[in-house]
Amino acid sequence: KAGVTQTPRYLIKTRGQQVTLSCSPISGHRSVSWYQQTPGQGLQFLFEYFSETQRNKGNFPGRFSGRQFSNSRSEMNVSTLELGDSALYLCASSLAGGRVKDTQYFGPGTRLTVL
Amino acid sequence: GESVGLHLPTLSVQEGDNSIINCAYSNSASDYFIWYKQESGKGPQFIIDIRSNMDKRQGQRVTVLLNKTVKHLSLQIAATQPGDSAVYFCAERGSQGNLIFGKGTKLSVKP
C-alpha cells in the first residue's frame, strides 16, 4: 500500500500571501489530521477531518483552515501568512481516528518558508 | 528576534548497546500511547503503541514500558544500530483523538 503523500514538499511564500497544502491518505483511511512542527513549539495539532467534516480542532487562529473531499484527500489553507508560520506541516491518516485507538501514519510533510 | 528552539535531550550510545528513551506524559486519563521515530527530512514513523491496560509491549528489537503510577513511558531499543539514529517522540492520545507529542529525544549511535 502506498503511504501518505503530501504535495508540494517545499514552498516559499512571502508575508501576506496564502498557501494551500495537499494530503492524500493511505487507501481506505478516512481520517486525516494535520500537525505543525517548529523548532520552538514542537509538534502541534491543527485539526482532524473525517467524512468531509472537521471533527476536532487545535488552538490555532482562524487563518488556518482545511477541508476534506469525498475521496478522503485533504487540503489545508493558511491565509495572510506570517513569518511565524514557517514550519513543517505534517499530515497523518488513520482508519477511523477520533477516539478509536488506531494508528496515525504520517506523510513526509511540506516545508513552508515564509519570507 | 531569533526564535529559541526546543532543547532536545540527547542520548548517545555505542552501536550494539541497548538504548532507553524516557518520556513523561501529562494526563493521567490518557489511555493510548505511541512512539514515533523521525529521521531528518522525514515525517514521524510509527514504532510501537501501548494501551493503558498494559504495562509492557514488545516489538521487533523494541519494547515499550508504561508506568501509570508516575505517568512515565520508556522505549527500549535492543542492539542499537546506526540506522536507529533519529529523534524519538512519545505521544499520548488526547480526549478528542488528537496526538499530544512530547518534546523528543535525539538518539545518536556511535559506530
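Residues numbered from 1 in each chain as written. Chains lettered and ligands numbered in written order. Predicted model: local features only at pLDDT ≥ 70, side-chain atom pairs only at ≥ 80, totals over all residues. Heavy atoms only, no water.

**Q** Explanation requested: the overall build of chain B in the structure shown.
**A** A count of helices and strands for chain B gives 0 helices and 10 strands. Starting at the N terminus and walking to the C terminus, you meet the elements of chain B as β-β-β-β-β-β-β-β-β-β. Against the compact-globule benchmark of 13 Å for 111 residues, chain B has a radius of gyration of 14 Å, which places it among compact chains. Dimensions of chain B, computed from the C-alpha atoms along their principal axes, are close to 45 × 40 × 25 Å. Relative to its full complement of 111 residues, chain B shows a buried share of 41%. Accessible surface, chain B as shown: approximately 5,900 Å² in total, 47% of it carbon and sulfur. Of note, chain B has its 12 positive side-chain charges centred 3 Å away from the centre of its 9 negative side-chain charges. (Helix = DSSP H or I, 4+ residues; strand = E, 2+ residues; numbered from the N terminus. Rg over C-alpha atoms; globule rule 2.2 N^0.38 Å. Buried < 20%, exposed > 50% of the residue type's maximum accessible area, 1.4 Å probe, protein only. Areas by Shrake-Rupley, 256 points an atom, 1.4 Å probe, with all protein chains shown as cover. Lys, Arg positive; Asp, Glu negative; His and termini not counted. Charge placed at Lys NZ, Arg CZ, Asp CG, Glu CD.)

**Q** Even after reading the chapter, I still don't get unusual backbone geometry, so can you show me in this structure?
**A** Peptide bonds are, in most cases, trans, and in most cases residues other than glycine have a negative phi. Between threonine 7 of chain A and proline 8 of chain A the backbone carries a cis peptide bond, its omega angle lying at -10 degrees. Looking at the element boundaries, proline 8 of chain A is found in the loop between β1 (5-7) and β2 (10-13). Phi is positive for serine 72 of chain A, close to 80 degrees, though the residue is something other than glycine. Note on placement: serine 72 of chain A falls in the loop between β7 (64-68) and β8 (74-78). Owing to a relative accessible area of 13%, serine 72 of chain A belongs among the buried residues under this scheme. Phi at alanine 79 of chain B takes a positive value of approximately 50 degrees, unusual for a residue other than glycine.

**Q** Help me understand the interface of chain A and chain B in this model?
**A** The figure often quoted for interface size is the accessible area lost as the parts come together. Counting residues at the interface gives 25 residues for chain A, matched by 22 residues for chain B. At the boundary of chain A with chain B, total buried surface from both sides reaches about 1,900 Å², with 51% on carbon and sulfur atoms. In this assembly, chain A and chain B are joined by 0 salt bridges. Put simply, the parts of the chain that give the side of chain A that touches chain B at least two residues each are β4 (31-38), β5 (42-50), β9 (87-94) and β10 (105-106) of chain A. (Contact = heavy atoms within 4.5 Å. Buried area = accessible area lost by both parts, 1.4 Å probe. Salt bridge = Lys/Arg side-chain N within 4 Å of Asp/Glu carboxyl O.)

**Q** Looking at this model, I keep getting lost on the side chain of serine 33 of chain A. Mind explaining?
**A** Residues and elements named next belong to chain A. Mapped onto the secondary structure, serine 33 falls in strand β4. Serine 33 sits in the buried class, given a relative accessible area of 2%. Once residues within four sequence positions are removed from consideration, serine 33 is found in contact with Phe45, Phe47, Glu48, Leu90, Cys91, Ala92 and Gln104.

**Q** Explanation requested: the pairing of strand β3 (residues 19-24) of chain A in the structure shown.
**A** Two faces make up the sheet, and in a regular strand the side chains alternate between them. All names here are of chain A. Where β1 and β3 come together, 3 bridges link them in antiparallel fashion. Looking at the pairing, threonine 7 lines up with serine 22 of β3. In this sheet, β8 lies alongside β3 in antiparallel orientation, the contact comprising 5 bridges. From the neighbouring strand, threonine 20 faces β8, where its bridge partner is asparagine 77. (Pairing = 2+ DSSP bridges.)

**Q** So what exactly am I meant to see when it comes to the nonpolar core here?
**A** When a protein is soluble and globular, its nonpolar side chains tend to lie buried together. Core analysis: the biggest nonpolar cluster contains 21 residues, and Trp34, Leu46, Phe64, Met76 and Tyr89 of chain A have the highest contact counts within it. Residues in contact with tyrosine 89 of chain A, not counting those within four places in the same chain, are Gln6, Leu21, Tyr35, Gln36, Leu46, Phe64, Met76, Gly109, Thr110 and Leu112 of chain A. Ranked by size, the runner-up nonpolar core spans 19 residues in total, among them Ile48, Leu66, Leu75 and Ala86 of chain B. (Core = buried A, V, L, I, M, F, W, Y, C linked by side-chain atoms within 4.5 Å.)

**Q** Which parts of the structure should I look at to understand the sheet that holds strand β7 (residues 72-77) of chain B?
**A** Sheet strands pair via backbone hydrogen bonds, and the direction of the pair is either parallel or antiparallel. Residues and elements named next belong to chain B. The strand order across the open sheet built from 4 strands is β2-β7-β6-β5, with neighbouring strands paired in antiparallel fashion. Looking at strand neighbours, the two that pair on one side only are β2 (19-24) and β5 (56-58), the edges of this open sheet. Neighbouring strand axes in the sheet, compared pairwise and without regard to direction, differ in orientation by 15 degrees on average. In the sheet, β2 pairs with β7 via 6 bridges, with the strands oriented antiparallel. Within β7, the residue paired with isoleucine 21 across the bridge is leucine 75. (Axes fitted to C-alpha atoms, helices over the stretch in contact; angles between N-to-C directions.)

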